[in-house]
Structures are given as C-alpha cells and as structure tokens.
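One-letter residues, chain by chain:
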Amino acid sequence: MKKVFLLLLLPAFIISCKSKAPKTENTTETVVATHPEWIMQGNIYEVNVRQYTSEGTFNAFAQHLDRLKNMGVQTLWFMPVNPISKVDRKGTLGSYYAVADYTAINPEYGTMDDWKKLVTTIHEKGMKVLIDWVPNHTGADHPWLTTHPDFFVKDSTGKAAIMSDWTDTRVLDFKNNEMQDSMIAAMKFWVTQTGIDGYRVDVAWNVPGEFWKKCIPQLKAVKNDLFFLAEGDKPYLMISGFDAYYPWEMFVMMTKVAAGERPAFALDSVKAKYDSVYPKEAIPMYFTSNHDENSWNKSDYGTFPGIVHAPFAVFSQTMGGTVPLVYSGQEEPLLRPLKFFEKDPIVFGKFERAKFYKSLHDLRKKNPALAADASFKKVNLGNDTTIYAYVREKGNHKVLVILNLTKKEQDIKITDKSLQRLAYNIFTGVNEQLSEKRKSLPPWSYFVYEYPVAGAN
C-alpha cells in the first residue's frame with residue numbers, strides 16, 4: 001500500500017478511534033534476522049498477476065517463467081494472491097490489498113491447485129517464491145468482521161475503523177492476542193500447504209514490533225530459511241526479525257539526483273543515515289519502480305526517463321548491502337502507469353532491457369563481491385557532484401562501478417593504483433586495461449568492471 005502522505009494522515013486516524021493503533025516501536029529485546037543464504041546474492045522480481053497477461057491467471061504467468069529465469073531472476077514476489085473484498089470495493093476489480101480471506105486464492109487468478117503447481121514449477125526451475133501479506137487491515141467484508149468483531153480497532157461510533165482513505169479496508173487490533181494467533185496461523189498455512197519461501201509484508205510499519213518478534217520465530221520454526229521483507233523503513237522493524245526493508249529515503253534521493261535537483265554525493269548522506277540507524281546486517285531493497293511507484297508516481301518512465309534509468313538501475317543492483325528489485329514490465333520497458341483497480345494488461349514483446357538486467361543479475365549471482373554482506377567503498381574519480389563510483393569487495397573478489405549521474409559529459413581519472421588493472425566490462429564483454437589516463441564518460445553512462453580473482457586461471 002502507498003506510504004506517501006500516510007504519516008500525515010495517521011494522527012487523524014488515531015484520534016478518530018476509541019482504541020488507539022498499537023505502539024509499533026521496539027520495547028524489549030532485539031531480534032536481528034539471520035538471513036537465508038539463498039538471498040545474499042539474489043534478486044527480487046515483483047509479479048503483478050492481474051496485469052501480467054491478458055488472462056491474468058497463474059497458468060498464463062507460468063508461460064513467462066523460462067524467460068524470467070533466463071533473465072537471471074531468482075526470487076518472485078507475488079502481489080497478494082488472496083480474494084478481494086466486494087464491500088466498498090474500489091473500481092471494478094478492487095485493490096489487491098483489501099483481503100477477503102487470508103487462506104484462500106483469488107478466483108481471478110485460478111485455484112489453489114493452480115497456485116501449488118506454480119510454486120512447484122518455480123522451485124523446480126531453481127527460483128524462490130515470496131507472497132505479499134497484508135496484516136495491518138482486512139477487506140471490508142472479511143469474515144472476521146462478523147465472527148470476531150473484537151479483532152478490529154473501533155472508530156468513534158463503535159464500528160471497525162478505516163485508515164486514512166483506504167475505505168475498502170478495516171484496521172486490525174494488535175492488542176488482541178487471539179487475533180495475533182489467528183494471523184500467525186494463516187501465515188503458517190501458506191508455508192506448510194504451498195511451500196512458499198517468505199513474505200513481503202504490506203504496511204509493516206504500522207504493525208507493532210512485539211508481534212513480529214512473536215510471529216517470525218514461529219514461522220521460521222516451520223521453515224528455517226524463510227525471508228521477510230518489510231514495506232517500511234522504521235528501524236524497529238530491523239530489530240524485530242525482518243531481513244530487509246524499503247529504503248524510501250534513498251529512492252526519493254535517487255529521483256532528485258535524476259532530476260538534477262541534488263548532486264550525486266547526496267546519495268552518501270542517506271547511506272550514512274542507514275548505516276547509523278539500522279543493524280549492520282539489515283538489507284535495503286533498492287528499486288527504481290514497484291507497483292505503487294508505477295501506478296501513482298510515474299516510475300520509472302517519469303522519474304528515471306529514457307537513458308536516465310540505466311545508471312540508477314545499476315546503482316540499485318550493485319549498491320552496498322542491497323537485494324535489488326525489478327517490477328513487472330520494467331524489462332520491456334513499461335512506459336505507463338498500470339491501473340490499480342481495473343484490468344490493464346502489460347504488453348510484452350520488445351524486452352529492450354532484458355539483456356541489461358541479465359548482465360547485472362548474472363554478475364550478482366556468480367560474484368560474491370555483490371553479495372549483501374560484501375564491503376562497500378566510495379572511490380573519488382573526479383567531480384563528486386556528477387560522478388558516483390564505488391568498489392564492492394569480498395575475499396578475493398572485486399567489482400568497480402562508475403556512474404555518470406548527469407546529462408553532461410564528464411571526465412574521470414582513476415588514481416587508485418589497486419584499480420589500475422585489467423578488468424572485464426560486463427556490458428561490452430571486453431577486457432579493458434584501466435589506467436590513470438583521463439577518460440570521458442557520456443551523459444548518464446554506467447560502467448561495471450569485474451576484476452579477475454588473484455591466482456585464477
């Protein structure tokens with residue numbers, strides 16, 4: 001769900017409720033996630049099933065699996081697969097995030113057997129599966145509203161509360177322990193019955209940390225290498241058991257740099273903040289688009305238009321600590337907003353960015369220097385208001401990234417002697433002798449160099 005403006009709207013919501021929304025900050029012990037090994041050099045691809053094909057079904061999407069695997073996609077995150085409430089529904093088809101039943105499949109997409117078959121097929125191809133989970137609220141006709149009305153926060157009239165303008169949803173009360181247990185049981189269902197590998201948690205930033213400290217260990221007791229991605233950037237989430245978070249501030253800064261409003265080095269201030277407020281193990285999921293940013297804020301076709309997209313995509317794929325995201329259709333590329341409440345299929349066929357993403361995904365998979373726990377070091381190659389360069393390193397593995405984040409040609413000079421070596425340009429497929437000789441970079445250009453491992457043949 002969209003986070004923009006919610007922090008302004010939240011106080012009004014709280015005042016309108018007899019029972020205040022639960023405090024979300026950490027109050028007791030810290031729980032830092034032990035990340036599953038499979039995610040450390042992985043990547044995430046967000047699947048919008050409704051819009052992915054004209055059919056909008058699991059079976060139709062399955063026809064794209066071999067293409068995505070060839071593009072180097074490792075983990076598929078599916079937007080909510082649950083049925084959507086009909087009461088107060090927005091548009092014809094409703095919001096994916098107005099869940100009518102936590103343990104059922106949206107009939108638009110197919111059957112539970114179709115879903116189980118899809119998960120099995122994905123696993124057979126060596127990929128992982130995340131599903132979107134919506135714990136902050138249910139849809140406006142969820143059965144709990146009748147069977148367990150005490151599971152919900154009440155407004156001033158005693159009715160189940162609505163948060164901000166999400167009129168098709170009702171807010172759950174995390175002070176109710178029975179509701180918490182019911183939520184955990186529903187999450188276990190998808191792990192035990194369908195074999196998923198983790199969750200992207202919607203509006204995680206408004207669910208209390210104590211719930212996650214209770215929930216995540218119980219789920220990991222069922223399957224110990226589950227991965228948890230929080231839609232949120234509050235530090236308490238990363239000491240409550242989540243593996244990864246949404247780096248909203250970095251995304252906003254990226255758009256400002258792309259628009260020429262801030263210098264390239266402004267990205268450093270955001271990274272410095274993240275390094276200071278999160279545990280060192282916390283993983284940011286960098287992105288240039290997702291379902292919200294595409295539908296509501298013109299990403300990436302408006303925020304990183306044309307050739308501007310590539311250097312920021314390289315940044316999101318190679319930056320220190322990250323597990324990167326690609327949204328449905330970005331490989332085409334998708335140059336319009338997808339409708340959120342209506343059928344609006346993506347038209348595939350060009351795949352103009354597929355080779356570009358494949359180069360980055362393949363490098364990340366094979367080279368530990370791009371692992372989430374590999375080191376990061378800025379490199380000064382000239383004008384730091386325009387050039388952003390850094391080295392990623394782990395063991396004997398090293399990768400150099402050079403980005404021109406402006407619309408003007410820029411000169412660079414590699415003065416670090418440890419970088420003045422033969423290196424492989426992953427986009428041209430050519431070995432280059434990097435030297436101190438001054439080099440001119442075209443506008444919005446990007447270079448990723450892989451250094452040979454010392455002693456390797």
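(A) Broad picture of the environment of Tyr102. With respect to the secondary-structure elements, Tyr102 resides in the loop between β2 (75–78) and α5 (112–124). Given the relative accessible area of 3%, Tyr102 is considered buried. For the pair formed by Tyr102 and Pro284, sequence separation is 182 residues and the distance between their alpha carbons is 27 Å. If near-sequence neighbours (up to four positions away) are discounted, Tyr102 is found in contact with Asn82, Trp133, Val134, Pro135, His137, Thr138, His142, Trp144, Leu172, Met183, Ala186 and Trp190. From its side chain, Tyr102 meets the backbone oxygen of His137 in a polar contact 3.2 Å long.

(B) Focus on the sheet that holds strand β13 (residues 397–404). Pairing is antiparallel across the open sheet formed by six strands, whose spatial order is β11-β12-β13-β18-β15-β16. The two strands at the open ends of the sheet, each matched to only one other strand, are β11 (375–379) and β16 (430–433). Within the sheet, the average angular offset between the axes of one strand and its neighbour, ignoring direction, is 30 degrees. Where β11 and strand β12 (residues 387–394) come together, five bridges link them in antiparallel fashion. Bridge pairing links Ser375 to Glu393 in β12. In this fold helix α13 (residues 309–318) packs onto β12, β13 and β18 (446–450), with an angle of close to 150 degrees to the strand it touches most, β13.

(C) How the structure looks around the packing of α5 against helix α7 (residues 177–194). The geometry of α5 relative to α7 is characterised by a closest axis approach of 10 Å and an angle of 65 degrees between their N-to-C directions. Overall, the two elements α5 and α7 adopt an arrangement that is roughly perpendicular. In this structure, α5 contributes Met112, Trp115, Lys116 and Val119 to the contact, and α7 contributes Phe189, Trp190, Gln193 and Thr194.

(D) Structural context of the packing of α13 against helix α14 (residues 354–366). Running from amino to carboxyl end, α13 crosses α14 at an angle of 20 degrees, the nearest separation of the two axes being 11 Å. It follows from the interaxial angle that α13 and α14 lie roughly parallel. Relative to α14, the crossing made by α13 is right-handed. Judged by residue contacts, His309, Ala310, Ala313, Val314, Gln317 and Thr318 of α13 engage Phe356, Tyr357, Leu360, His361 and Arg364 from α14. Grouping the constituent residues of the contact of α13 with α14 by class yields six nonpolar, four polar and one charged.

(E) Looking closely at the sheet that holds strand β8 (residues 244–245). The eight strands are arranged β9-β8-β7-β6-β3-β2-β1-β10 in an open sheet whose pairing can be described as parallel. The open sheet has two edge strands with one neighbour each: β9 (283–284) and β10 (325–327). Sheet analysis places strand β3 (residues 128–133) next to strand β6 (residues 198–201), joined by four bridges and oriented parallel. From the neighbouring strand, Leu130 faces β6, where its bridge partner is Gly198.

The rules behind the values
Residues numbered from 1 in each chain as written. Predicted model: local features only at pLDDT ≥ 70, side-chain atom pairs only at ≥ 80, totals over all residues. Heavy atoms only, no water. Helix = DSSP H or I, 4+ residues; strand = E, 2+ residues; numbered from the N terminus. Buried < 20%, exposed > 50% of the residue type's maximum accessible area, 1.4 Å probe, protein only. Contact = heavy atoms within 4.5 Å. Polar contact = N/O pair within 3.5 Å; in protein donor to acceptor, adjacent residues only side chain to side chain. Pairing = 2+ DSSP bridges. Axes fitted to C-alpha atoms, helices over the stretch in contact; angles between N-to-C directions. Parallel < 35°, antiparallel > 145°, perpendicular 65-115°, else oblique. Left-handed = near helix turned anticlockwise from the far one by under 90°. Nonpolar A, V, L, I, M, F, W, Y, C, P; charged D, E, K, R; others polar.

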